[in-house]
Every structure is written in structure tokens, then in C-alpha cells.
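Observations on the model geometry
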Amino acid sequence: MKTVICPGSFDPVTMGHLDIIRRSAKMFDKVLVVVMTNYHKRNTYVFSADERVDLLKRCTRDMENVEVEQYDGLLAEYARQKNAVAVVKGLRAVSDFEYEFQMALANKKLYEGAETIFLAAGAEHMYLSSSLVKQVAGFGGDISHFVPECLLERINERLCRTARS
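This text gives an overview of the structure that appears in the document. (Residues numbered from 1 in each chain as written. Predicted model: local features only at pLDDT ≥ 70, side-chain atom pairs only at ≥ 80, totals over all residues. Heavy atoms only, no water.)

This part is about helix α2 (residues 49-60). For α2, spanning 12 residues, the distance from its first C-alpha to its last is 16 Å, which sits close to the expected 16 Å at 1.5 Å a residue. Listed in full, the buried residues belonging to α2 are Ala49, Glu51, Arg52, Val53, Leu55, Leu56, Cys59 and Thr60. (Helix = DSSP H or I, 4+ residues; strand = E, 2+ residues; numbered from the N terminus. Expected span 1.5 Å × (residues − 1). Buried < 20%, exposed > 50% of the residue type's maximum accessible area, 1.4 Å probe, protein only.)

Taken together, 5 strands build an open sheet; the order of strands is β3-β2-β1-β4-β5 and the sheet is parallel. Every other strand in the sheet has two partners, leaving β3 (66-70) and β5 (115-120) as the edge strands with one partner each. Averaged over all pairs of adjacent strands, the angle between strand axes in this sheet comes to 30 degrees, irrespective of strand direction. As paired elements, strand β1 (residues 3-8) and strand β4 (residues 86-91) share 2 bridges and run parallel to each other. What sits directly across from Val4, in β4, is Ala86. Its contacts with the sheet put helix α4 (residues 94-110) on β4 and β5, and the angle it makes with β5 is roughly 160 degrees. (Pairing = 2+ DSSP bridges. Axes fitted to C-alpha atoms, helices over the stretch in contact; angles between N-to-C directions. Contact = heavy atoms within 4.5 Å.)

Note that soluble globular proteins tend to have their nonpolar side chains buried in a common cluster. In terms of nonpolar packing, the biggest core is built from 34 residues, with Val33, Leu56, Val133 and Ile155 touching the most fellow members. Mapped onto this core, the elements with two or more residues apiece are β1, α1 (15-27), β2 (30-35), α2, β3, β4, α5 (130-138) and α6 (152-164). Ignoring any residue separated from it by four or fewer positions in sequence, one finds Ile155 in contact with Pro12, Val13, Phe47, Val133, Ile143 and Val147. With 13 residues, the next largest nonpolar core counts Val34, Leu75, Ala84 and Ala114 among its residues. (Core = buried A, V, L, I, M, F, W, Y, C linked by side-chain atoms within 4.5 Å.)

Once that is clear, we can look at α5. Looking only at α5, the buried set comprises Ser130, Val133 and Ala137. Burial along α5 is one-sided: seen end-on, the buried residues are contained in an arc of 55 degrees. Trailing α5 by a residue or two, Gly140 shows a phi angle of about 80 degrees, which is positive. (Arc of directions from axis to C-beta.)

Right, let's get into a nonpolar patch on the surface. A cluster of nonpolar side chains, contributed by Phe97, Phe101 and Leu105, occupies part of the molecular surface with about 270 Å² of accessible area. Tracing the chain through its elements places Phe97 in helix α4. (Patch = residues over 30% accessible without salt bridge, like charges linked within 9 Å, V, L, I, M, F, W, Y side chains within 5 Å. Areas by Shrake-Rupley, 256 points an atom, 1.4 Å probe, with all protein chains shown as cover. Salt bridge = Lys/Arg side-chain N within 4 Å of Asp/Glu carboxyl O.)

Geometrically, a pair of aromatic rings is defined through the distance of the ring centres and the angle of the planes. This model, assessed by the stated rule, comprises 4 aromatic pairs. On the basis of an interplanar angle of 50 degrees and a centroid distance of 5.0 Å, the ring pair of Tyr71 and Tyr78 is categorised as tilted. Residue class for Tyr78 comes out buried when judged on its relative accessible area of 1%. Ring geometry for Phe97 and Phe118: centres 5.6 Å apart, planes at 65 degrees, overall edge-to-face. Placement of the pair is Phe97 in helix α4 and Phe118 in strand β5, with a sequence separation of 21 residues. Phe118 gets classed as partly exposed once you look at its relative accessible area, which sits at 26%. Within the aromatic cluster, the residues linked to one another by ring pairs are Phe97, Phe101 and Phe118. For the cation-ring pair, Arg52 lies above Tyr45, with the distance from its terminal atom to the ring centre recorded as 4.0 Å. (Phe/Tyr/Trp six-rings, centres within 6.5 Å; stacked < 30°, edge-to-face > 60°. Lys NZ or Arg CZ within 6 Å of the ring centre and 35° of its normal.)

What follows is the structure in C-alpha cells.
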């Protein structure tokens, strides 16, 4: 059984994230979506790790080979614990590649058992990021094309309330 990991902070989950997860689920036996802490963003999260796990579980419940977990440690160690063969990362632009390539090399050094696979974002999601969702919602804009429909109300409620604070 080939297990891969789709890691991210997912604050909040976007249609771009969901696209990478769905595509991974078609290619591999098991996909572990893992909510992790990005230490560059740790003081700016709008949703707690538990809330992000819940949001992801709600929008992936129809994907039988997808599991969602939270992990607050090294991705390479998580991959070793789960016996994963690869880490799947979505790329939107060349600037994403530079950072993700560096992370892939570090992860490979820490755990030789997992490769990193880069999936190009679909053209309809190339511009999309959680930061963009937060900014648009914070100004009262329509994010219905950016986040899964089943999460729209909850994300809007939180992001609009946070922007007013």
C-alpha cells in the first residue's frame, strides 16, 4: 500500500488545497492530510489546529482513502512514523518551488524513505492562497469560489468576525 502525505497549515482550507488532495487520492492508496504548524505563521492563525482538522475532515469525508490528522513536529519524522513513500506538495508559481525544493532536500536528508512529489496547481487555482481568502473575506468580499461550499459559512463567519476585531 502506497501512503503519501499532503501537509499544510490549511488556515483556512481552499479549493486549491482540495484539488491537490483529490488528485493525490486518485494516484495513491492512502493520503494522509496533515495539519502542521508553519513557524513563520504560528502567531497569525485564525483557526486552531483542531478546527483546521475538523474543516478538512468535513470537506474530504467523501474520499475513502483520505485521512486527516494533526502533527506538531518534523514532517520527515511524521513520514517515517507513517511509513509514507512521498510528500505531495502543490505549487502555484516558481517562487513556491524555491522554498518547497529546499524543504524537500532537508526532508530527504532527515528521512531517505520519502520522496517529494510536486503537483502543479490547476490553472483555476494558480492565484489562490489562504492569505488571499483571509484578505478578501476581511473586506467583506465573496469567497464562495475560493473555499469548499460546505465550509463557506463557517469560514466567512470567522474571517469576517476576525476582521472586525
